[in-house]
Amino acid sequence: MTGFVDLRDVQLAYSGHGTETLALDGLTMAVNRGEFAAVVGPSGCGKSTLMKLATGLIRPQAGTVEVAAREVDGPVSIAGMAFQNPSMLPWRTTLQNVMLPLEIVQPHRKRLGRERAAYTQLAEELLSVVGLAGFGAKYPWQLSGGMQQRANLCRALIHDPELLMLDEPFGALDAFTREELWQVMRDLHAEKGFTTILVTHDLREAVFLADRVFVMSARPGRIIVEHEISFPRPRPIDLTYEAGFNDIVHELRGHIAEARAAA
Amino acid sequence: MSERWIKAAPWLWTLGLFLIWEGSVRAFDIEVFILPAPTDIWAAIVKYWTPIWTNSLQTLMTTTIGFVMAVVGGLALGLAIGWSRAIYAGLYPLMIGFNSIPKVAVVPILVIWFGIGTVPAVLTAFLIAFFPIVVNVATGLATIEPEMEDVLRALGAKKMDIMLKVGIPRSMPYFFGSLKIAITLAFVGSVISETVAANSGIGHMMLAAQSQFNVPLVWAGLVALAVLGIVMYAAMAWLEMRMTGWAHRSGQR
């Protein structure tokens, strides 16, 4: 069975200053269409490299990367990305920031001129889904960190991507805002059904949001454990304080401790 | 109250400087050909108003033309350097080397090529004002956040898209900031050229006054240059504020 995102025996090394650093070696993972996958692992294990591979920003030296049953040979453009740094453009309003991908991705790029009103409405609807109704005209620097991150999610989703790649998007937020955004993310995924790969350090975040959690080894990274999370959806936030939930978090923590010790 | 003091501060400090100056010259009885008092300079400004005015216009013209050329050329080269690492690697050492050459040493060459007068002054202003603009525009382009670039490239953005949507807007505060440095340098350039080889302009007027031991007029020329410099600097600062106010957002929340 092949997945929507399918990495097989991927090897990737960064070269520089005459030395080669092996970031990933023999990494195999498959994420099904519509699935929410989380990738956790010790720091420096090549999680961010994984993001770049799946979106076609870099190519592996060995192995294959397939997205939507096509070998990735360049930027995939069906993906949306969001990073820990919201990287909003300060000279654009929040709404204009959210609509930025529409100025790049076809077919929206061609249509945007003629159908600007419809697209603007779409963006405003998306902003209100994440709780930013009425903030479109504000500049990003007038928003709090949590609000900027909400806008960042909107920007990643505005072109209706089939694949959403998240690289520790909630890492810099305070605990309460983070839990709020987990719920926003949960609802967006439930509503739109895109395939998601979330790279994170936060095991509770991974277990709360994901259908499957992949644990990576220390560098060079590969998948050492795959853990199905079978809590029924929609999951209430209180789930994160239940014993069964904490058992899984604890177990994953054990795997990461082993991976760190092995390094 | 304090707000009003801050508004008045530039005038008060300038007035204070002139008062101390005037007082010192009188107290120590300094000869006028060593250091004229502000009142002597003022008298020279009134007396020689017509030549000061026409020469100021000449200097202002050469400076402005050279400055505009530097803006166009500097912006173009800065964008080219920021665009391509090959252009950057090839041109940067050359430019640093060129910028290290004292521009006063270039003026004789310009005179050989173009003769005495307006053209060498314009070109010297251009040459001296050009470098900070290039460096600043290139710096602006070099500071694109890598995450932003990844987000756009993953969407299939071409290099031109990233340049237009992110790179150029991002480098604009650097560009407009560099104009403030470039305009004052452009004055330095044209006055250098005028003192070496010209028949008009503030630099030429000061040189002529010096040879006649008309020291108050030399100082009046300096004052005229300072005033022109402040006015042009203020114009650039205003332009910067108008064009890239988003980059100066402290206290605007």
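Residues numbered from 1 in each chain as written. Chains lettered and ligands numbered in written order. Predicted model: local features only at pLDDT ≥ 70, side-chain atom pairs only at ≥ 80, totals over all residues. Heavy atoms only, no water.

- Going by the annotation in an unreviewed UniProt entry, the name recorded for chain B is ABC transporter permease, with Roseibium aquae given as the source organism.
- The UniProt entry for chain B carries the following text under Subcellular location (unreviewed entry): "Cell membrane".
- In its Sequence similarities (unreviewed entry) section, the UniProt entry covering chain B states "Belongs to the binding-protein-dependent transport system permease family." (UniProt positions renumbered as here; feature names shortened; annotations may be inferred.)

- By the naming in an unreviewed UniProt entry, chain A is Nitrate ABC transporter ATP-binding protein, taken from Roseibium aquae.
- A UniProt comment under Sequence similarities (unreviewed entry) is attached to chain A, and it reads "Belongs to the ABC transporter superfamily."

### Section: the interface of chain A and chain B
Phase 1: Tallying the contact residues gives 26 residues for chain A and 20 residues for chain B.
Phase 2: For the chain A and chain B pair, buried surface summed over both sides reaches about 2,300 Å², with 67% attributable to carbon and sulfur atoms.
Phase 3: Counting the contacts that link chain A with chain B gives 3 salt bridges.
Phase 4: The partner of Lys-165 of chain B in a salt bridge is Glu-103 of chain A, and the shortest N-O contact between them spans 2.9 Å.
Phase 5: Linking chain A with chain B are 2 residue pairs in polar contact (both at pLDDT 80 or more), by the criterion used here.
Phase 6: Here the residues of the side of chain A that touches chain B sort into 15 nonpolar, 6 polar and 5 charged. (Contact = heavy atoms within 4.5 Å. Buried area = accessible area lost by both parts, 1.4 Å probe. Salt bridge = Lys/Arg side-chain N within 4 Å of Asp/Glu carboxyl O. Polar contact = N/O pair within 3.5 Å; in protein donor to acceptor, adjacent residues only side chain to side chain. Nonpolar A, V, L, I, M, F, W, Y, C, P; charged D, E, K, R; others polar.)

### A short note on the side chain of His-159 of chain A
Phase 1: When you line up the elements, His-159 of chain A lands in the loop between α5 (145-157) and β7 (163-167).
Phase 2: Side-chain polar atoms of His-159 of chain A contact the backbone oxygen of Ala-79 of chain A, separated by 3.1 Å. (Helix = DSSP H or I, 4+ residues; strand = E, 2+ residues; numbered from the N terminus.)

### Focus on the packing of helix α3 (residues 49-83) of chain B against helix α8 (residues 159-196) of chain B
All names here are of chain B.
Phase 1: The N-to-C vectors of α3 and α8 enclose an angle of 150 degrees; their axes lie 7 Å apart at closest approach. Between α3 and α8 lies a crossing whose hand is right-handed.
Phase 2: Each residue belonging to the contact of α3 with α8 can be placed in one class, and the counts come to 17 nonpolar, 5 polar and 2 charged. (Axes fitted to C-alpha atoms, helices over the stretch in contact; angles between N-to-C directions. Left-handed = near helix turned anticlockwise from the far one by under 90°.)

### Some words on the sheet that holds strand β3 (residues 36-40) of chain A
All names here are of chain A.
Phase 1: The mixed open sheet is built from 6 strands, whose spatial order is β6-β7-β8-β3-β9-β10. In this open sheet, the two edge strands, each paired with only one partner strand, are β6 (79-83) and β10 (223-228). In this sheet, neighbouring strand axes are inclined to one another by 15 degrees on average, regardless of whether the strands run parallel or antiparallel.
Phase 2: Bridge analysis of β3 against strand β9 (residues 212-216) gives 4 bridges, and the strand direction is parallel. The residue bridging Ala-37 from the neighbouring strand is Arg-212, located in β9. (Pairing = 2+ DSSP bridges.)

### Examining the sheet that holds strand β4 (residues 62-67) of chain A
All names here are of chain A.
Phase 1: Strand order in the open sheet made by the 4 strands is β2-β1-β4-β5, with antiparallel pairing throughout. Single-partner strands in this sheet number two, and they are β2 (19-31) and β5 (70-71).
Phase 2: In the sheet, strand β1 (residues 5-16) pairs with β4 via 5 bridges, with the strands oriented antiparallel. Residue pairing in the sheet places Val-5 in a bridge with Val-67 of β4.

### Some details on the UniProt feature "domain: ABC transporter" (unreviewed entry) in chain A
Phase 1: Following the UniProt record, the feature "domain: ABC transporter" (unreviewed entry) maps to residues 7-243 of chain A here.
Phase 2: Within the segment residues 7-243 of chain A, helix and strand shares are 30% and 26% respectively, and the terminal C-alpha atoms sit 34 Å apart.

### A word on a nonpolar patch on the surface
All names here are of chain B.
Phase 1: A surface patch of nonpolar side chains, about 570 Å² in accessible area, is lined by Ile-109, Ile-112, Trp-113, Phe-114 and Val-119.
Phase 2: The element that contributes the greatest number of residues to the nonpolar patch is helix α5 (residues 107-114), accounting for 4 residues.
Phase 3: By secondary structure assignment, the location of Phe-114 is in helix α5.
Phase 4: Among the residues examined, Phe-114 registers a relative accessible area of 45% and is labelled partly exposed. (Patch = residues over 30% accessible without salt bridge, like charges linked within 9 Å, V, L, I, M, F, W, Y side chains within 5 Å. Areas by Shrake-Rupley, 256 points an atom, 1.4 Å probe, with all protein chains shown as cover. Buried < 20%, exposed > 50% of the residue type's maximum accessible area, 1.4 Å probe, protein only.)

### So, the nonpolar core
Phase 1: Counting residues in each nonpolar core, the largest one holds 50 residues, and the members touching the most others are Phe-170, Met-185, Leu-209 and Val-213 of chain A.
Phase 2: The residues contacting Leu-209 of chain A, other than those within four sequence positions of it, are Phe-36, Phe-170, Trp-182, Met-185, Arg-186, Leu-198, Arg-233 and Arg-235 of chain A. (Core = buried A, V, L, I, M, F, W, Y, C linked by side-chain atoms within 4.5 Å.)

### A word on the pairing of β2 of chain A
Residues and elements named next belong to chain A.
Phase 1: In the sheet, β1 pairs with β2 via 9 bridges, with the strands oriented antiparallel. Looking across to β2, one finds that Val-5 is bridged to Val-31.
Phase 2: Turn length for the β1-β2 hairpin, with the two strands adjacent in sequence and antiparallel, is 2 residues, and the turn residue His-17 shows positive phi of about 55 degrees.

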